[in-house]
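# A structural walkthrough
What follows is each chain in one-letter form.
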Amino acid sequence: MTDPMLPLVVEEIEKRFTLHRLWEIADRDEFLRTVGPRVRGVAAGVLVPVDAALIDALPALEIVAKFGVGYESVDAVHAATRGVVVTNTPDVLTEEVADTALGLLLMTVRRLGAAERFVRRGDWGKAKFPLSPTLRGRTLGILGLGRIGKAIATRAEAFGLEIAYHGRHRQADVAYRYYDSLHAMARDVDILMVVVPGGPETEKLIDAHILKALGPDGVLINIGRGSTVDEAALIAALEARTILAAGLDVFENEPHVPEALIANDDVVLLPHVGSASQHTRDAMGRLVVNNLVSWFSEGRPLTPVPETPFPRG
Ligand code: NDP
């Protein structure tokens, strides 16, 4: 196990396997030299990358079971060359993350966080809380209409929002308006919801050019990965009022949040809590365990990632 996981994951793994806790090992090189050749599975948390070097230091490795649906911290392409299967935890978190995204959207557009701080400060009755922008008559552009993007779209439709999306492919079974250009979508919509995976392909997709296209009434919500947004460009756009507001659950360098964002009342900040309910984190943990158990008992992973397309159990 690369970094600490939920007690239920640790307990269930310890019942069935010999568990080594990488974060408790003082001399990693020595550990990899002596125990590394016997390691057949890795339970990967969110902090420690499972890169090519770590994979190659484990010659008997068969499976990397990642906690979370995003797995850019695991070199799945390299794992595939070694015949190692990589699994993640899709689906079980989709609805939770979509709920969080809608909460973040409402907080940002209706300034609910600032309104709550106003009450707690004792300002109610002394001053008037300023009128906020609205969701009425707005269009939502979703960057990444995947599992979570679709769950966000369903909710946003119920809120009366018009939906558009951008991804690398048009989706045949989807009636929402498709844009093959992110820039064109940013220009046409009022709210840009980012829910693409992280990694080099999506790095800084949201840059100064896209923010300018979003425009002075535009709102950016990022529930995907911090690496997708050029944070310096976002700070500049907020300060210059190139865009109106931003709601962020994820950041470039977590847990570091730039002072310029903390100081800005047009920004809502969450500590990467998209999937962070007890219910959903437990379900994710169980899926990590079940992937390991299915692999070592039946030779079939439950939820392999596309780079390692093993038959499913
Ligand atoms: P999916 O794989 O189902 O969806 C990803 C979508 O992104 C697809 O529609 C894909 O469409 C699109 N996409 C991928 N690459 C690109 C690209 N380079 N340019 C444009 N679009 C792209 O994933 P999920 O919906 O399950 O999860 C999405 C991401 O959300 C996760 O990878 C994770 O990073 C993040 N997440 C954040 C959480 C949080 O706590 N804040 C919690 C859970 C997930 P197409 O193939 O057509 O391009």
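For clarity, every value in this text was computed on a predicted model and none was experimentally measured.

What follows covers the pattern of salt bridges. Side chains that differ in charge, positive against negative, can pair when their charged atoms come close. As enumerated under the stated definition, the model contains 18 salt bridges in all. Residues Asp266 and Arg111 are paired through a salt bridge, measuring 3.4 Å at the closest nitrogen-oxygen approach. With Asp266 in the loop between α11 (259-262) and β10 (267-269) and Arg111 in the loop between α5 (94-109) and α6 (112-120), this residue pair connects regions lying 155 residues apart in the sequence. Its salt-bridge partner being Glu116, residue Arg120 comes within 2.8 Å of it at the nearest N-O pair. With Arg120 and Glu116 both in helix α6 and four residues apart, this pair spans about one turn of that helix. The exposure class assigned to Arg120 is exposed, which follows from its relative accessible area of 67%. When salt bridges with common partners are traced through the structure, they connect Glu12, Lys15 and Arg16 into a single cluster.

To continue, consider the domain arrangement of the protein. Domains assigned within the protein are domain 1 (7-92 + 277-298) and domain 2 (94-269). Using C-alpha coordinates to define each centre, domain 1 is positioned 32 Å away from domain 2. Counting from both sides, the interface comprises nine residues of domain 1 and, opposite them, seven residues of domain 2. Together, the buried faces of domain 1 and domain 2 total about 590 Å²; carbon and sulfur atoms form 44% of this surface. For the pair domain 1 and domain 2, the interface holds one salt bridge. Between Arg225 and Glu72 there is a salt bridge, with the nearest N and O atoms lying 2.6 Å from each other. For the pair domain 1 and domain 2, the interface holds four residue pairs in polar contact (both at pLDDT 80 or more). When its residues are assigned to classes, the side of domain 1 that touches domain 2 shows three nonpolar, four polar and two charged.

Our focus in this paragraph is the sheet that holds strand β9 (residues 245-248). Within a beta sheet, neighbouring strands are joined by backbone hydrogen bonds and run either parallel or antiparallel to one another. Spatially, the seven strands line up as an open sheet ordered β6-β5-β4-β7-β8-β9-β10, and their pairing is parallel. Each edge of the open sheet is held by one strand with a lone partner, namely β6 (177-179) and β10. Averaged over all neighbouring strand pairs, the angle between strand axes comes to 20°, with direction disregarded. Relative to strand β7 (residues 191-194), strand β4 (residues 139-143) runs parallel, the two sharing four bridges. The residue of β7 that forms the bridge with Leu140 is Ile191. Sitting on the sheet, α5 touches β7, β8 (219-222), β9 and β10, and the angle it makes with β8 is about 150°. With respect to the sheet, helix α10 (residues 231-239) is in contact with β8, β9 and β10, its orientation differing from that of β9 by roughly 145°.

About the criteria used
- Residues numbered from 1 in each chain as written.
- Predicted model: local features only at pLDDT ≥ 70, side-chain atom pairs only at ≥ 80, totals over all residues.
- Heavy atoms only, no water.
- Salt bridge = Lys/Arg side-chain N within 4 Å of Asp/Glu carboxyl O.
- Helix = DSSP H or I, 4+ residues; strand = E, 2+ residues; numbered from the N terminus.
- Buried < 20%, exposed > 50% of the residue type's maximum accessible area, 1.4 Å probe, protein only.
- Domains from an automatic or database assignment.
- Contact = heavy atoms within 4.5 Å.
- Buried area = accessible area lost by both parts, 1.4 Å probe.
- Polar contact = N/O pair within 3.5 Å; in protein donor to acceptor, adjacent residues only side chain to side chain.
- Nonpolar A, V, L, I, M, F, W, Y, C, P; charged D, E, K, R; others polar.
- Pairing = 2+ DSSP bridges.
- Axes fitted to C-alpha atoms, helices over the stretch in contact; angles between N-to-C directions.

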